[in-house]
Amino acid sequence: IDVSSPSFNATKSVNEARQQGAHVLIVASNTATLDQALAVNAANQTQLPLLGGDSLYNPKLLEVGGENAKGMVVAVPWVLLSDPNSSFARSSRQLWGGDVNWRTVMSYDATQALAQGLQRAGSTSRDALVAAMHSSGFSVEGATGAVRFLPSGDRNQAMQLVVVSPGQRSGYGYDFVPAP
């Protein structure tokens, strides 16, 4: 189902998926289609399990999705509650007066990796940087631990799963908590 289509209708789409025997709904949206993802969440009314990507790790899902989002599983690169007392979490909380999310942590890790890569490359050329970061043994300590890359260039790190659950941390009555 193309949630970005101008003719997208969440209720109709969810009903069609159910009629076709769907056992789960995967909401592969992005920031631009967050409202459509929320409409799928509302139309589903917790009838089928919902899965989503990192763009749904958004307070709006907790606020607007509410009870209908309960149990939804979202994949993210990092979640604070998996290690709320890490040195990075404590330092960032002290510096900014609040918690950080996966985007901040991944940006920090990327900056650390680029700085180390440039240092190893001994050059500012893109090719030298790529070669340095792809070299065997390239690793730099980031907020999430060691930052390494696969031969494809993708980061060698597992995604973490969070579940929308009742809670008061967010202020919306629901929170993203690490999946058991």
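A quick note: this is a predicted structure, and the numbers were derived from the prediction, not measured.

Structural notes on the overall build of the chain
Here is step 1 of the chain: When its secondary structure is counted, the chain shows 6 helices and 7 strands.
Here is step 2 of the chain: The linear arrangement of helices and strands in the chain, starting from the amino end, is α-β-α-β-α-β-α-α-α-β-β-β-β.
Here is step 3 of the chain: Structurally, the chain occupies a C-alpha span of about 60 × 35 × 30 Å along its principal axes.
Here is step 4 of the chain: Here the chain holds 180 residues, and 36% of them are scored as buried.
Here is step 5 of the chain: Sequence separation of 24 or more characterises 51% of the internal contacts of the chain that already satisfy a separation of 6 or more.
Here is step 6 of the chain: Approximately 10200 Å² of the chain is accessible, and the part contributed by carbon and sulfur atoms is 51%.
Here is step 7 of the chain: Charge-centre separation for the chain: the mean point of 12 positive side chains lies 3 Å from the mean point of 13 negative side chains.

Remarks on the sheet that holds strand β3 (residues 73-76)
Here is step 1 of the chain: The strand order β1-β2-β3-β6-β7 describes an open sheet built from 5 strands, whose pairing is mixed. Of all the strands in the sheet, just β1 (25-27) and β7 (174-178) have a single pairing partner and so form its edges. Sheet twist, expressed as the mean angle between neighbouring strand axes with direction ignored, is 30 degrees.
Here is step 2 of the chain: Against the sheet, helix α3 (residues 59-69) makes contact with β2 (50-52), β3, β6 (160-166) and β7, and its axis sits at roughly 80 degrees relative to β7, the strand it touches most.

Focus on the packing of helix α5 (residues 102-121) against helix α6 (residues 126-134)
For any two helices packed against each other, the geometry is given by the interaxial angle and the distance between the axes.
Here is step 1 of the chain: Interhelical geometry of α5 versus α6 gives an angle of 105 degrees and a closest axis separation of 8 Å. When the axes of α5 and α6 are compared, the pair comes out roughly perpendicular. Where α5 abuts α6, its residues Ala113, Leu114, Gly117, Leu118, Arg120 and Ala121 lie against Ala128, Leu129, Ala132 and Met133.
Here is step 2 of the chain: Among the residues forming the contact of α5 with α6, the class breakdown is 8 nonpolar, 1 polar and 1 charged.

Notes on unusual backbone geometry
Where the residue is not glycine, phi is negative for most of them; where a peptide bond is considered, it is trans in most cases.
Here is step 1 of the chain: One non-glycine residue with positive phi stands out, namely glutamine 45, at about 50 degrees.
Here is step 2 of the chain: With a phi close to 60 degrees, threonine 46 is a non-glycine residue in the positive phi region.
Here is step 3 of the chain: With respect to the helices, strands and loops of the structure, threonine 46 is situated in the loop between α2 (34-44) and β2.

Overview of the nonpolar core
Here is step 1 of the chain: Leu61 and Val74 are the most contacted members of the largest nonpolar core, which totals 36 residues.
Here is step 2 of the chain: With 5 residues, α2 is the largest single contributor of residues to this core.
Here is step 3 of the chain: In contact with leucine 61, other than residues within four places in its own chain, are Leu38, Leu56, Gly66, Ala69, Met72, Val74, Val164 and Phe176.
Here is step 4 of the chain: Membership of the second largest hydrophobic core comes to 6 residues, among which are Leu129, Phe138, Val140 and Val147.

Examining the packing of aromatic side chains
Here is step 1 of the chain: Tallying each qualifying case throughout the model produces 3 aromatic pairs.
Here is step 2 of the chain: Taken together, a centroid distance of 4.7 Å and an interplanar angle of 50 degrees make the contact between phenylalanine 88 and tyrosine 108 tilted. Placement of the pair is phenylalanine 88 in helix α4 (residues 87-96) and tyrosine 108 in helix α5, with a sequence separation of 20 residues.
Here is step 3 of the chain: Ring geometry for phenylalanine 138 and phenylalanine 149: centres 6.1 Å apart, planes at 35 degrees, overall tilted.

Here is what the cut-offs are and how they apply
Residues numbered from 1 in each chain as written. Predicted model: local features only at pLDDT ≥ 70, side-chain atom pairs only at ≥ 80, totals over all residues. Heavy atoms only, no water. Helix = DSSP H or I, 4+ residues; strand = E, 2+ residues; numbered from the N terminus. Buried < 20%, exposed > 50% of the residue type's maximum accessible area, 1.4 Å probe, protein only. Contact = heavy atoms within 4.5 Å. Areas by Shrake-Rupley, 256 points an atom, 1.4 Å probe, with all protein chains shown as cover. Lys, Arg positive; Asp, Glu negative; His and termini not counted. Charge placed at Lys NZ, Arg CZ, Asp CG, Glu CD. Pairing = 2+ DSSP bridges. Axes fitted to C-alpha atoms, helices over the stretch in contact; angles between N-to-C directions. Parallel < 35°, antiparallel > 145°, perpendicular 65-115°, else oblique. Nonpolar A, V, L, I, M, F, W, Y, C, P; charged D, E, K, R; others polar. Core = buried A, V, L, I, M, F, W, Y, C linked by side-chain atoms within 4.5 Å. Phe/Tyr/Trp six-rings, centres within 6.5 Å; stacked < 30°, edge-to-face > 60°.

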